[in-house]
Amino acid sequence: MEKKLSDIRTDFIKGGLERDDLSPDPLTQIQQWVEQAVSARVDEPTAMLLSTVDQQGIPDARVVLLKGIEDGLIFYTNYESVKGQQLAQNANVSVVFFWPQLERQIRLRGVAEKLLPAASDVYFASRPRESQLGAWASPQSSSIESYEWLEKNYFFYVDRFQQTDAIPRPPYWGGYRVTPLSVEFWQGRPGRMHQRYRYARNEAEAWQINVLAP
Ligand SMILES: Cc1cc2nc3c(=O)[nH]c(=O)nc-3n(C[C@H](O)[C@H](O)[C@H](O)COP(=O)(O)O)c2cc1C
């Protein structure tokens, strides 16, 4: 007989997280958890769900990849994409990481700002040539007539840059830094006694950690 959905339970026994083991800085704590997800060889350890809001205040979420932690979370995208347009209107975001194998979740609320062009140039230069060409070829989030159109456009740029060793960064492509306003770490525990720790800044702008009921 098939298992009833309500009978499916994972025992959250992977590991505990004590208040005293938390880094005083949430970005350092995120870095540790991302590194542990990488070491644990989970799928897409750097994948994060990024939510923006549209002009009506309706949330919109998609996955992007974390590419660095430097005073915030760094990701790269097309500035003219839907998310890019939404961020230009409203820089408030939320980010979620979920690593099922580690029974861990991170929830973050923060503000996104564009990286300086020079920083985006450095990262763009480090990408494989195919990805660089893809960034030129794809008007991300626009309606296009067909996938063949996209392939044609890709080969247009293959030709255009044939003699170019270092493909320049498209002006409409680059990075964002998400500066956290609050961050919550969730660790699954047996008996649904999950651990939640929430970092938020106090009046003196120092990070304060609260323990939350699961
Ligand atoms: C695993 C995964 C990783 C992705 N990484 C990125 C990324 O780093 N940057 C990006 O622009 N889109 C990435 N995407 C695609 C986005 O989810 C999304 O389709 C795209 O950015 C367009 O979103 P928008 O129309 O809301 O702007 C990724 C998708 C998946 C499933």
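None of the values given here were measured: they were computed from a predicted structure.

*Asks:* Help me get a handle on the site of the ligand, residues and values and all.
*Replies:* Lining the immediate surroundings of the ligand are R62, V63, V64, L65, Y76, T77, S81, V82, K83, Q140 and S141. Within the side chain of S81, an N or O atom sits 3.3 Å from an oxygen atom of the ligand. When isolated, the ligand has an accessible area of 620 Å², and the protein chains bury 64% of it. Listing elements by their share of the shell around the ligand, those giving two or more residues are β2 (59-65), β4 (73-78) and α2 (82-89). Per-element accounting of the shell around the ligand gives the leading share, four residues, to β2.

*Asks:* So, the layout of surface pockets: which residues are in play, and what are the values?
*Replies:* In this structure, the largest pocket occupies an estimated 290 Å³ of space. Every residue lining the largest pocket is counted, 15 residues in all, and those nearest its centre are Y76, T77, R127, Q140 and W173. Looking at the lining of the largest pocket, the elements that each hand over two or more residues are β2, β4 and α4 (129-137). Looking at the lining of the largest pocket residue by residue, the classes come out as seven nonpolar, six polar and two charged.

*Asks:* Pulling in residues and values, what's your account of the pairing of strand β6 (residues 104-114)?
*Replies:* Strand direction decides the pairing type here: strand β5 (residues 92-99) and β6, joined by eight bridges, are antiparallel. Paired with W99 across the two strands is R104, which belongs to β6. Between the end of β5 and the start of β6, which pair antiparallel, lie four residues, with E103 showing a positive phi angle near 50°. Where β6 lies against strand β7 (residues 173-187), 11 bridges are found, and the strand directions are antiparallel. Directly across from R104, in β7, lies its bridge partner Q187.

About the criteria used
Residues numbered from 1 in each chain as written. Predicted model: local features only at pLDDT ≥ 70, side-chain atom pairs only at ≥ 80, totals over all residues. Heavy atoms only, no water. Near = heavy atom within 4 Å. Polar contact = N/O pair within 3.5 Å; in protein donor to acceptor, adjacent residues only side chain to side chain. Areas by Shrake-Rupley, 256 points an atom, 1.4 Å probe, with all protein chains shown as cover. Helix = DSSP H or I, 4+ residues; strand = E, 2+ residues; numbered from the N terminus. 1 Å grid on protein atoms, 1.4 Å probe; cavity = no way out; pocket = protein on both sides within 12 Å on 5 of 7 lines; lining within 4 Å. Points joined across faces, edges and corners; volume = space filled by probe spheres on them. Nonpolar A, V, L, I, M, F, W, Y, C, P; charged D, E, K, R; others polar. Pairing = 2+ DSSP bridges.

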